[in-house]
Amino acid sequence: MSRLLVIGCGGVASVAIQKCCQNSEVFTELCIASRTKEKCDALKSKLEGKTNTKIETARVDADNVEELVDLIKAYQPAAVLNVALPYQDLTIMDACLKAGVDYIDTANYEPENTDDPQWRAIYEKRCKELGFTAYFDYSWQWDYKKRFEQAGLTALLGTGFDPGVTSVFSAYALKHYFDEIHTIDILDCNGGDHGYPFATNFNPEINLREVSANGSYWEDGRWVETKPMEFKSKYNFPEVGEKDMYLLHHEEIESLAKNIPGVKRIRFFMTFGQSYLTHMKCLENVGMLSTSPISFNGQEIVPIQFLKALLPDPASLGPRTVGKTNIGCIFTGIKDGKEKTIYIYNVCDHQECFKEVGSQAISYTTGVPAMIGSMMVVTGQWKKPGVFNVEEFDPDPYMDALNQWGLPWVVCEDPETVTVWRQE
Ligand code: NDP
């Protein structure tokens, strides 16, 4: 029925592509295009004979708009799924506009070089105006709204798990459980153990930047910024158990604050073990998380990229990770004049994911929603001209698809709520 061009062939892409191939009635043809074509060819060989989806591969530099446009025009897909890195969001959106196809991604734009003076000037103005200092925000991609509207094309932003499923949970809670949502606590728990003293579950550059940055939350119409890991909590996660968690800035807070009318507070928490935090602090203190190039033995290296080369490849964690993830949202608000609290969550088992697609649950919980978001767009269920976050569409078909494609969810009425305290 439709052709999809997937850009990137890393951990998330591998799952998204395998799920598209399971769903070959919708995705009849697929092109996997990435910087390293050998990885695309290896995935194609793994899948051929096991799917009715016809697979092609290509090499593409997604930083280069003209190369992308040539590829899109040659392959003529119904849409492009961007599961490369957030650095490539804008070039891929530009190419989709030029070539006239719909665009889908899982993470908002952030620049590769945060020292770029042109980017920095805009960033510093935004920090002052909005009051949060994360390197990523939606302004860059929301700025494409008029251009996508005029071209009659859809751009669907952030269809991973968080952002993505957590945002769809919010739209679903508003549609079926509340007249008004007052607070949203997004809880991202990874109860998995890979046995390494230190490793990241997805791209180390993106992951470490996110975790070492200042936290922030939305309250009463404005951002409140915190120091990294300033607010701590403990939560007893269904099917996982009690875990420490910390308040972080996260991108869906920005879009939910805009799209959930009347919401008073939105916070995001992620679980971390003490060993992870101690390693990260040490790496940060010695400068290994820096994105600014340094000269070493006559060669220019970016410390965090060098660190990435030393750390285990997230894609290699699958066979050794045991345990479960639990990601979801606790909502409070009003229904029929009465106060109400619900918790919608998904539990995903690392080893079950590995048996099915050869990846651990972090890639799985992002790759499945990337396929589902693409399905929503190419089947026309979520299609209108402009740039949209997932919570702006009808959540029901997406929620049904989560149950069907491997991420079943639970609605718990009257759950434990979150209590936070400030760390020394
Ligand atoms: P990986 O690093 O595993 O994969 C990235 C892929 O992109 C690699 O195949 C890489 O190629 C390719 N790539 C990088 N630069 C270019 C380029 N210039 N041109 C073409 N291809 C390129 O990352 P993940 O799979 O872990 O993450 C993919 C995306 O998913 C990221 O944007 C991440 O932020 C997002 N994500 C979203 C989550 C959510 O819940 N919303 C959760 C986790 C991740 P090569 O193989 O040559 O390196």
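Residues numbered from 1 in each chain as written. Predicted model: local features only at pLDDT ≥ 70, side-chain atom pairs only at ≥ 80, totals over all residues. Heavy atoms only, no water.

**Student:** Explanation requested: the side chain of Asp162 in the structure shown.
**Tutor:** On the secondary structure map, Asp162 appears in the loop between β6 (154-157) and α8 (165-176). Comment: no salt bridge for buried Asp162; closest opposite-charge side chain is Arg267, at 15 Å. Not counting the four nearest positions on each side in its chain, Asp162 is found in contact with Asp188, His250, Glu252, Phe268 and Ile327. (Helix = DSSP H or I, 4+ residues; strand = E, 2+ residues; numbered from the N terminus. Buried < 20%, exposed > 50% of the residue type's maximum accessible area, 1.4 Å probe, protein only. Lys, Arg positive; Asp, Glu negative; His and termini not counted. Salt bridge = Lys/Arg side-chain N within 4 Å of Asp/Glu carboxyl O. Contact = heavy atoms within 4.5 Å.)

**Student:** Explanation requested: the site of the ligand in the structure shown.
**Tutor:** Taken together, 28 residues are adjacent to the ligand, and Arg35, Thr36, Lys39, Ala62 and Asn203 come closest. Residue Cys9 places a main-chain N or O atom 2.9 Å away from an oxygen atom belonging to the ligand. Within the contact set of the ligand, a nitrogen atom lies 3.2 Å away from a backbone nitrogen or oxygen of Pro163. In isolation the ligand has 930 Å² of accessible area, and contact with the protein removes 92% of it. Counting the residues that make up the shell around the ligand, at least three belong to each of domain 1 (2-157) and domain 2 (165-357 + 408-422). (Near = heavy atom within 4 Å. Polar contact = N/O pair within 3.5 Å; in protein donor to acceptor, adjacent residues only side chain to side chain. Areas by Shrake-Rupley, 256 points an atom, 1.4 Å probe, with all protein chains shown as cover. Domains from an automatic or database assignment.)

**Student:** Hey, could you run me through the layout of surface pockets in this one?
**Tutor:** The gaps of empty space that remain are located by a probe, the size of a water molecule, rolled over the atoms. Taken as a whole, the second largest pocket spans an internal volume of roughly 330 Å³. What lines the second largest pocket is a set of 21 residues, among which Tyr135, Arg209, Ser212, Ala213 and Leu289 lie closest to the centre. Listing elements by their share of the lining of the second largest pocket, those giving two or more residues are α5 (117-130) and α9 (204-212). Here the lining of the second largest pocket is composed, by residue class, of 8 nonpolar, 7 polar and 6 charged. For the lining of the second largest pocket, the two domains that each supply at least three residues are domain 1 (2-157) and domain 2 (165-357 + 408-422). (1 Å grid on protein atoms, 1.4 Å probe; cavity = no way out; pocket = protein on both sides within 12 Å on 5 of 7 lines; lining within 4 Å. Points joined across faces, edges and corners; volume = space filled by probe spheres on them. Nonpolar A, V, L, I, M, F, W, Y, C, P; charged D, E, K, R; others polar.)

**Student:** Just to check I follow, could you spell out the packing of aromatic side chains for this structure?
**Tutor:** The way to describe two aromatic rings as a pair is by their centre distance and the angle between their planes. Applying the stated rule across the entire model yields 22 aromatic pairs. Judged by centre distance (4.9 Å) and plane angle (10°), the rings of Trp382 and Phe393 are stacked. Here the residue Trp382 occupies a position in the loop between α14 (361-378) and β17 (386-389), and Phe393 occupies one in the loop between β17 and α15 (396-404), the gap between them amounting to 11 residues. Both residues of the pair, Trp382 and Phe393, belong to the buried class. The lysine or arginine in question, Arg126, covers the ring of Phe132, its NZ or CZ lying 4.3 Å from the ring centre. Here the guanidinium or amino end of Lys258 rests over the ring plane of Trp142, the centre of that ring lying 3.9 Å away. (Phe/Tyr/Trp six-rings, centres within 6.5 Å; stacked < 30°, edge-to-face > 60°. Lys NZ or Arg CZ within 6 Å of the ring centre and 35° of its normal.)

**Student:** For this particular structure, what's the right way to read the sheet that holds strand β2 (residues 27-34)?
**Tutor:** Adjacent strands of a sheet pair through backbone hydrogen bonds, lying either parallel or antiparallel. Strand order across the open sheet formed by 7 strands is β3-β2-β1-β4-β5-β6-β17, with parallel pairing between neighbours. Every other strand in the sheet has two partners, leaving β3 (54-59) and β17 as the edge strands with one partner each. Mean inter-strand twist for the sheet, computed between neighbouring axes without regard to direction, equals 20°. Here β6 pairs with β17 via 4 bridges, running parallel. Within β17, the position partnered with Leu156 by the bridge is Phe388. (Pairing = 2+ DSSP bridges. Axes fitted to C-alpha atoms, helices over the stretch in contact; angles between N-to-C directions.)

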